Every structure is written in C-alpha cells, then in structure tokens.
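Letter by letter, the chains look like this.
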Amino acid sequence: MAVTPNTDAAFLREVDEELRRDQLAGAWERYGRLAIIALVVALALFGGYLLWRNHEQSVSGAKAETLQKVYDGIAAKTPGADTPLADLATAGEPGYRALAKFTQADLLLQKNDLAGAAKIFAAIAADTGVGQPFRDLALIRQTSAEFDGLKPDVVVARLRDLARPENPWFGSAGELVAMAYLRMNKPDLAGPLFAQIARNNDVPDTIRQRAVQMTGMLGIDAVDQVEDKKAK
C-alpha cells in the first residue's frame, strides 16, 4: 500500500522559505539603501582624506623649498631674502614655524638687537606645538640674549633643570648657570659645574674649552681630569 506524502510538511517548508525571502527583501528595502549611502559616504571621506594628505604634502614641500631659498638668499646676502620668513613664522606646521622664528631671531642678533631676538626666542619657548628640545633651546638662547640684564637668580631658576649632564643642552645651559653663580659670588657652585662641563664628551668642544679655562681660573684642575678620562 503506497505511503501518502506528508503534504503538510512540504507546504510548511515552502511557506517558511517564502517568508524568509520576504524578510530578506524587506530588510533590503529598509536597510539596503542606507548601506549603499553609508558606503558612498565612507568612500567620499576616504577620498577626501587622500586629497587632503596630498595637499598637505604639497604645501609642506613648497614651504621647505621656500625656506631653503631664504637660507640661500641670506648666505648670498640677497636684499629681501628674509621676507618670506614672516609667513613661515605663522605656518601651521610647528617645525617650519620654529625654524623661521629661529632664523628671524638670529638675523636680529646679527644686528645686535638683543631685545628683539629675545622676544622671538621667548615665543618659540612658549609654543606648545613645538618639540620640547627646541623649546628648551629657545629658552637658553632667550636667556643668553637677556643675560646682562637679568638677575643671576632668574638665570638659575630658568635653566637649573636644563643644566644637568643628561640633558642634551647641558653645555649651553650649564655654562650660563655657572656664570650666574659667579655673579652671585658662589664660586663653590660655579667651579664644580664648569668642571662637569669640561669633562663631558657630549658637550661641544668650544664650550668645553671655555669651561676648562674657567675651572683653571677657579683653581680646579679640570684639564688633568679630562686627560685621565681620555686615557681610560
């Protein structure tokens, strides 16, 4: 006797499949367009980012060329060569901004305009967008330009933390602090600091030589100690 097909089960499967197709179609109607819009927006944003990056690189390259032309013009003593520095000093890129301001300050120093140079160095030192080592250098150079008019305790307060052997600007900062100690009539503090500078191989030779001379004047035999260190 033949088995009667389970038509109810087959019917239910068809209904279930049809229901799933309707649900997928409904979901596409509801969310498919949103997905396409989201994809288009994402692609547009990515394309805009690429265009922005390309523009930024192009602008940065142009500023680098301008700065190099300024340096070449200054070296050649071309009149007006420093004119572009005014715009570069307000650049959005902190590196170009700092370099332009350092150059402006150096040009003022060549004219013996210590106050003007110190003001620019102070602006660099206060610029939080610039890397800390360059801000520290700007503070040292500001202090150097203002040194004769500053109270020695102000010099020490400004540069004490930089006048440490582990600091990259130890030689420059330490020399100014040691000189300030001498102005404060504290050779007991100035002498050891000059000796540290004289013995530090990471300090530029010109600063070390001056430190050796100062230690000699203060009765500290830094030369022999330097030579002993080299021998080891």
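Above this text is the structure in question.
Residues numbered from 1 in each chain as written. Predicted model: local features only at pLDDT ≥ 70, side-chain atom pairs only at ≥ 80, totals over all residues. Heavy atoms only, no water.

### Re the overall build of the protein
Then comes step 1: Secondary structure summary: the protein contains 10 helices and 0 strands in total.
Then comes step 2: Mapped in sequence order, the helices and strands of the protein form the string α-α-α-α-α-α-α-α-α-α.
Then comes step 3: Looking at the 232 residues of the protein, the share that counts as buried comes to 31%.
Then comes step 4: The long-range fraction of contacts in the protein, counting pairs at least 24 apart against all pairs at least 6 apart in sequence, stands at 44%.
Then comes step 5: Here the protein displays about 15200 Å² of accessible surface, and carbon together with sulfur accounts for 58% of that area. (Helix = DSSP H or I, 4+ residues; strand = E, 2+ residues; numbered from the N terminus. Buried < 20%, exposed > 50% of the residue type's maximum accessible area, 1.4 Å probe, protein only. Contact = heavy atoms within 4.5 Å. Areas by Shrake-Rupley, 256 points an atom, 1.4 Å probe, with all protein chains shown as cover.)

### Description of the packing of helix α5 (residues 132-146) against helix α6 (residues 152-159)
Then comes step 1: Relative orientation of the contacting elements α5 and α6 amounts to 170 degrees, with a least axis distance of 11 Å. Taken together, the axes of α5 and α6 lie roughly antiparallel to each other. Residues Leu 139, Ile 140, Gln 142, Thr 143 and Glu 146 of α5 pack against Val 155, Arg 158 and Leu 159 of α6.
Then comes step 2: Class assignment for the residues of the contact of α5 with α6 results in 4 nonpolar, 2 polar and 2 charged. (Axes fitted to C-alpha atoms, helices over the stretch in contact; angles between N-to-C directions. Parallel < 35°, antiparallel > 145°, perpendicular 65-115°, else oblique. Nonpolar A, V, L, I, M, F, W, Y, C, P; charged D, E, K, R; others polar.)

### Topic: the side chain of Lys 101
Then comes step 1: Relative to the elements of secondary structure, Lys 101 occurs in helix α3 (residues 94-110).
Then comes step 2: We note that Lys 101 is buried and unpaired, the nearest opposite charge coming from Asp 127 at a distance of 4.6 Å.
Then comes step 3: What Lys 101 contacts, discounting residues up to four positions off in sequence, is Ala 89, Ile 120, Ala 123 and Ile 124. (Lys, Arg positive; Asp, Glu negative; His and termini not counted. Salt bridge = Lys/Arg side-chain N within 4 Å of Asp/Glu carboxyl O.)

### Things to note about the packing of aromatic side chains
Then comes step 1: As enumerated under the stated definition, the model contains 1 aromatic pair in all.
Then comes step 2: Both rings, one in Phe 102 and one in Phe 121, keep their centres 6.0 Å apart while their planes meet at 55 degrees; by these two values the pair is tilted. Highlighted residues: Phe 102 in helix α3 and Phe 121 in helix α4 (residues 114-125), separated in sequence by 19 residues. An identical accessibility class is assigned to Phe 102 and Phe 121; each is buried.
Then comes step 3: Between the NZ or CZ atom of Arg 183 and the centre of the ring of Phe 147, over which it lies, the distance is 4.9 Å. (Phe/Tyr/Trp six-rings, centres within 6.5 Å; stacked < 30°, edge-to-face > 60°. Lys NZ or Arg CZ within 6 Å of the ring centre and 35° of its normal.)

### Some details on the side chain of Asp 127
Then comes step 1: One can find Asp 127 in the loop between α4 and α5.
Then comes step 2: When near neighbours in sequence (up to four residues on either side) are disregarded, Asp 127 contacts Arg 97 and Arg 135.

### So, α3
Then comes step 1: Helix length check: α3, at 17 residues, gives a terminal C-alpha distance of 24 Å against a target of 24 Å (1.5 Å per residue), a fit within 8%.
Then comes step 2: Following α3 by one or two positions, Asn 112 has its phi on the positive side, about 65 degrees. (Expected span 1.5 Å × (residues − 1).)

### Quick word on the nonpolar core
Then comes step 1: Membership of the largest hydrophobic core comes to 24 residues, with the highest contact counts inside it found for Val 155, Leu 159 and Val 177.
Then comes step 2: Of the residues forming this core, the biggest block, 7 residues, is contributed by helix α7 (residues 170-183). (Core = buried A, V, L, I, M, F, W, Y, C linked by side-chain atoms within 4.5 Å.)

### Section: the layout of surface pockets
Then comes step 1: One number sums up the size of the largest pocket: a volume of about 190 Å³.
Then comes step 2: Forming the boundary of the largest pocket are Ile 140, Arg 141, Ser 144, Phe 147, Ser 172, Glu 175, Leu 176, Met 179, Ile 207 and Arg 210.
Then comes step 3: When contributions to the lining of the largest pocket are tallied by element, the ones reaching two or more residues are α5, α7 and α9 (205-217).
Then comes step 4: When residues in the lining of the largest pocket are grouped by element, the largest group, 4 residues, is from α7.
Then comes step 5: A breakdown of the residues in the lining of the largest pocket according to their chemical character gives 5 nonpolar, 2 polar and 3 charged. (1 Å grid on protein atoms, 1.4 Å probe; cavity = no way out; pocket = protein on both sides within 12 Å on 5 of 7 lines; lining within 4 Å. Points joined across faces, edges and corners; volume = space filled by probe spheres on them.)

### Quick word on the pattern of salt bridges
Then comes step 1: What the rule picks out here adds up to 6 salt bridges.
Then comes step 2: Where Asp 161 meets Arg 164, a salt bridge forms, and the shortest distance between an N and an O atom there is 3.5 Å.

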